[in-house]
Structures are given as C-alpha cells and as structure tokens.
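Geometric and topological summary
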Amino acid sequence: MIWFAICSIFILNLLPAQVALAAETPPNIIFIVADDLGWNDVGFHGSREIPTPNIDALAYSGVILNNYYVQPICTPSRSSIMTGLNPIHTGMQHATIGGAHPYGLPLDIQVLPQYLRELGYMPRAVGKWHLGFHHKEYTPTYRGFQSHYGYWSGRVDYYDHTADEKTNMWGYDFRRDMNVAHDAYGIYATDLFTTEALSIITSHNTSTPLFLYLAHLAVHSGNPYSPLQAPPDYVNKFSYIADERRRKFAGMLTKLDESVGSVVKLLHERNMLDNTIIVFTTDNGGPAAGFNDNAASNWPLKGIKASMWEGGVRGAAFVWGPSFISQRPGTVAHQLFAIEDWLPTLYSIAGGKVGELAPIDGVNIWPSISTGVPSPRQQLLHSIDPVFHGAGVRSGDWKLLFNPSGYDTYWDAWFGPTGRNETAPETELSVLLEKIRSSPAGVVVLDKNPSALDNMTTTRNSAMVNCSAPPDNPTSTCRGSNLSHLCLFHIPSDPCEYHDVASENRDIVQVLLQLLYQYNKTAVPILNKPEDPLANPKYWNYNWNNWLDYPPPPSLNVTKLRLEANKKKSPNGKFFKFFKQNPPRILAPGA
C-alpha cells in the first residue's frame, strides 16, 4: 500500500521550526540566483561537458537539494523567494513582467529583505529584479534593500545593457539604486555583478549580518540580436564542443562559476566565511535546444523552462555553511523542498520566529538541511495557470499534470546534451575533480576542512538522475480541453516522466485532484496587464524607467497612444509566443 500525506501547507508552518545557530552574530546569508540554469548544466549532477569547479566545490562540501522545485519561469520564482508564497497567492502565476507592463509584486505583501532588516540585517541586492518597476515603490530599494545595482527588467544585453522587448521598445536598463548607471555600459554583466558583490563584502561592517541577494543575468539569453554572449577567450576554451551556441553558453557559465569562486575567496579573506551560509539556486529549468535562443540542458529530465515537466521545475540547488550544518559534507538531500520555503527558512536562520510571520505557503526547511530530519513539506503546487489552463501538483511521490505549458508540444520532449559521454581530455572525471580541488572555492573549502572533498565521486553518483531507455511510445503530452487528458507520474521510479500511470491509479488521481481543487479555491486573479506604450524608452531618453511617476512628454497624446496600442491587441492579450525554428535533435535519456 502506497501512503502519502495530504495536508495543508499552512498547518505545516506550525511544526517546530527553530534550530539553534552557534554564532554570537546571526550568520551572513549569501543568496545566489543563477538565471535559467538547467539541471544538467552543473557538474554535480553528472555532466562532464562544462566544468563548474567553484559551484561544485561548494555543492560537494555542502548539502545538495536533489528534490527541490522552483516555478516554471522567472517572475513567479522570484516572487516566491521574496514572499514565501506560491504565485497563485500573489497574482504572479502567469508569465513574466515585461518592461512595459504596469504591474508588479503587490505592495501590501512584506518581502524577505524587509523581514531581515527587522532582524538587524543589512540587505543588499545585485543583479536582476523582474518584479515590477512602473512606480518607484515596486523597485528594490523601496522593497527593503539598502542598495541595488543591476537591472529592473527580465534580461539585458551582457555588454550594452539594453533591454529589447520585441515590441519595438528598446532602451538602457541598468541602475545604481534609482539612478541610471551609464558607467556600466560596455562592461560584461557578470563581471559588473561580481565586482559589486566584492565591493559590498569588502566594505561591509561585520558587526551587522549581511544579506546579499546576488541575482545573476547568466546564463539567461540576452537580446535577440546577440542572445549568447561571453568574452571570446572564454568561448575558445571549449573548442571540443561542436555546437556554437553551447560553446558560447559554456563561456557564460564559466564566468558565472568564477563569480561564485571570487565571492567565496573574499569572504574567507575577510574572515566572514565561518559565519556565512550560502544558498545557490536556479530560478527555473533551462531553456534547452534553442528555446529562448539558448542552449541550456536539463537532461535527462523532460521539458524546458516555462513548463511543468521536471525539466522546467526541478531546480539545481545547494546550501553551504559547515559552521551551521551537522550533516556530512556532500550530503544529497532527497526530501521535498520548494522555492517558497526560502523566506521562512532564512528568517529562521536569522533568528526570527517563523510562527510570527504573516500566513505563507513556505515551510522552514532548515532543520532538514542542517541535521537531515524529514522535511515538513509533503506536497507542493507546481502551478495553476488560468490562461493556458495548465496545472501541476505534487504530493509525496506522486505528480499530477495537465497542460504542462503554453508552448507547442514540440517542447514536450527530452533534449541534450547529456555531458556524460565526453571524450576530450579536459573532460575526464579525474581532471575535473582536480579542477574542483584547485578552484578558488575548492582551496578555501579544503583550508577549512581538508577532508571536505574526499567523497566527491560518491556524492556525484548520488546526485545524478538516471533513466532507462525510453519506451517505444512514451506517455502522452498530457494536454487537452478537459481533465480526462491529465497524467499521473510516480517521480522516484520515473523521474523522466516516461509512463503516465493515471489509468492504473484512479484513487490517487482523485486525491490529487482534490488537492488541486483546494489550491485553486485559494488562488487570486492574475495581475497581468497589457503593455503600456507610454513605457517605451524612446519617450524617456532611451532608458527604461518608472514611467508612471513622471508626467508624459508635453507633445504626446497619451490617450490616443494607448487607444491605438489596444486596437492591436487581442481582447485578452497574447502572453505566450510559440517558438518556431529549425528543430534540433531530440535526445531521449536512454539513448
């Protein structure tokens, strides 16, 4: 008999949450978000194609979260990090906030930096925001951060830092706090964010705990005219990768990995590392095989970013902080975790009482990460999207899925590269393991604990997802006009979602449907609004800005402008674009 728990997320929050932290000052929290990083883009999940030695050094000496789920796409995930709420409870559940969309994360919801500031932290933000900026009150320094250096929209060019919204709206999007940072022009974005993070660490008064939210642009695509960008000498390191897009992606990922190493090295040099906890997470699955003009890999998981297949929502993540974690270095945690869990978890780490938080969906997973006790989370909602009528819910080992994305069924597949069959000498496992030990992060880790990286091969094997060869007729796309087309998967035995077992498990389907209905009853309407043509940077010196805080140019007839724009839109707007292109090779996990 298969047993699984169905209970309220709100009740879970009442479970014992606090774990004493052995430090006079609450620990510094470094929260690193990689943008669009795929499951298979990190070495610790088994790929040997692109070395990530600094990231791997921390993962192999920390706790790898191997059953951790994010939202399918950027804005929903970032809203969950900041609020501890599933996006169905903030109106952020559908699509992303574009540069000209006049809405944002609701102001009546207290967010993570505001909570941490109340506990005495110094909250700093570097990099991507993507939670609204039509009014200044929606921007980072009005949401609790002491400072922000980066961009407000969803993505920018890595060098010129302009955002092209594909609707004839194009402009510069780079800020220091509320001021346009023109001096950033021409400098590679990952380097800018790394330099800023290092400056913050260097100048930080260590009598106050630091919360550094480092949200990289990498490895997200830039603008369509040059989506994948890295310094040529970094791209040239990967001549053994035949796919030009993947070579550029490798250069981008290497710069991101070096950034992680630089941050760890400086924390060590400033004697801050012993009192620091590092969280590393992607925001969603990778855009593989040319989706979004990108070349990420979620192999062997099915699907891509912006879908509820495992490849879209199972996130690459780890936590590092040996001073506060009693589990052995390189623990692979298989407990169920969700991205909305970070707010209560970090609040607990910071010394707050989780029971005093406003009602949230997240639960405190720190006891599970630090000591290995069972996770209080037994269920999660992947998403409920009322626009393309999609939903996904997980309870225990079971996942119910219906209309997994708003994109073409072409993307309901498995995409490589696998990264496990590399033949280049520099991709040999022994070479990669030595790179990890000699990386800046690896050197620091070994200085702290000479045996911390002794079990890398064992940890790597435990963190890999392995699937057998796919059946001749893999499961349906789980799409249709009604729930008769839904699918049920048993994820531990079928992580690659080959086999829909709904017909054999009708009782479980009914239980998960009831859970889904309960979630849906609590959902708030989506906040999405059509683009406002007044946001066009051409009216604001070609800068993206908080346009609704300023009077429009005197010569502009705003009423006429908006009427003409609305005539071009369908009644409900068009939120999703189907990506059509030359089909890349689809690689099934067992092939």
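See the structure above.
Summarised in this report is the structure supplied together with it. Within each chain, residues carry numbers counting from 1 in the order of the written sequence. The predicted nature of this model means local features are confined to residues of pLDDT at least 70 and side-chain atom pairs, given and counted, to a pLDDT of 80 or more, with totals for whole chains, interfaces and linings taken over all residues. Note: side-chain values were computed over all heavy atoms of the structure, leaving out hydrogens and water.

1. What about the sheet that holds strand 16 (residues 390-395)?
A pair of strands is labelled paired if DSSP reports no fewer than 2 bridges between them. Under the scheme used here, helices are H or I runs from DSSP no shorter than 4 residues and strands are E runs no shorter than 2 residues, and both carry numbers assigned from the N terminus. Strand order in this open sheet of four strands is 15-16-17-18, and the pairing throughout is antiparallel. Of all the strands in the sheet, the pair left with one neighbour each is strand 15 (379-385) and strand 18 (487-490). When the angles between neighbouring strand axes are averaged without regard to direction, this sheet yields 10 degrees. In this structure, strand 16 lies alongside strand 17 (residues 398-402), joined through five bridges in antiparallel fashion. An axis is simply a line fitted to the C-alpha atoms; with a helix, the fit covers only the stretch in contact. Between two such axes, the angle follows the N-to-C directions and lies from 0 to 180 degrees.

2. So, the state of the cysteines
Defined by distance alone, a disulfide is two cysteine sulfur atoms within 2.5 Å. Tallying each qualifying case throughout the model produces two disulfides. With its sulfur 1.9 Å from that of its partner, Cys467 forms a disulfide with Cys496. Taking the sign of the torsion about the S-S bond as the criterion, the disulfide between Cys467 and Cys496, at about 85 degrees, is right-handed. A residue pair is termed long-range when its members are at least 10 positions apart, and Cys467 in the loop between helix 13 (456-463) and strand 18 and Cys496 in the loop between strand 18 and helix 14 (506-522) qualify at 29 residues. Buried residues are those whose accessible area, probed at 1.4 Å on protein chains only, stays under 20% of the maximum for their type, while exposed residues exceed 50% and partly exposed ones sit between those limits. Cys496 sits in the buried class, given a relative accessible area of 0%. One disulfide bridge connects Cys478 with Cys487, the sulfur atoms lying 2.1 Å from each other. Disulfide Cys478-Cys487: torsion about the S-S bond near -105 degrees, hence left-handed. What links to what in the protein chain: the bonded cysteines, counted in sequence order, pair as 1-4, 2-3.

3. Some points on the nonpolar core
Ranked by internal contacts, the top residues of the largest apolar core, which has 129 residues, are Leu65, Met82, Phe211, Tyr213, Trp342 and Ile369. For this core, the element with the most residues is helix 7 (residues 244-269), which contributes ten residues. By the convention used here, residues are in contact when the closest approach between their heavy atoms is within 4.5 Å. Excluding residues that lie within four positions of it along the chain, Met82 makes contacts with Leu105, Gln110, Val111, Leu112, Pro113, Trp129, Leu131, Phe145, Tyr213 and Leu343. Leu488, Val501, Ile508 and Leu512 belong to the second-largest nonpolar core, a separate cluster that totals 19 residues. Buried Ala, Val, Leu, Ile, Met, Phe, Trp, Tyr and Cys residues that are joined via side-chain atoms within 4.5 Å together make up what is termed a nonpolar core.

4. A look at unusual backbone geometry
Residue Val219 is bonded to the preceding Ala218 through a cis peptide linkage, with omega at 5 degrees. Looking at the element boundaries, Val219 is found in the loop between strand 10 (210-215) and helix 6 (232-235). Trp299 connects to Pro300 through a cis peptide bond whose omega is 5 degrees. Examined against the element boundaries, Pro300 turns out to sit in the loop between strand 11 (276-282) and helix 8 (310-313). Notably, Ala95 is not glycine yet its phi reads approximately 60 degrees, a positive angle. Considering the arrangement of structural elements, one finds Ala95 in the loop between helix 3 (74-83) and helix 4 (112-118). By relative accessible area, Ala95 is classed as buried at 10%. Notably, Ala289 is not glycine yet its phi reads approximately 55 degrees, a positive angle.

Function cannot be read off these values alone, since they describe shape.
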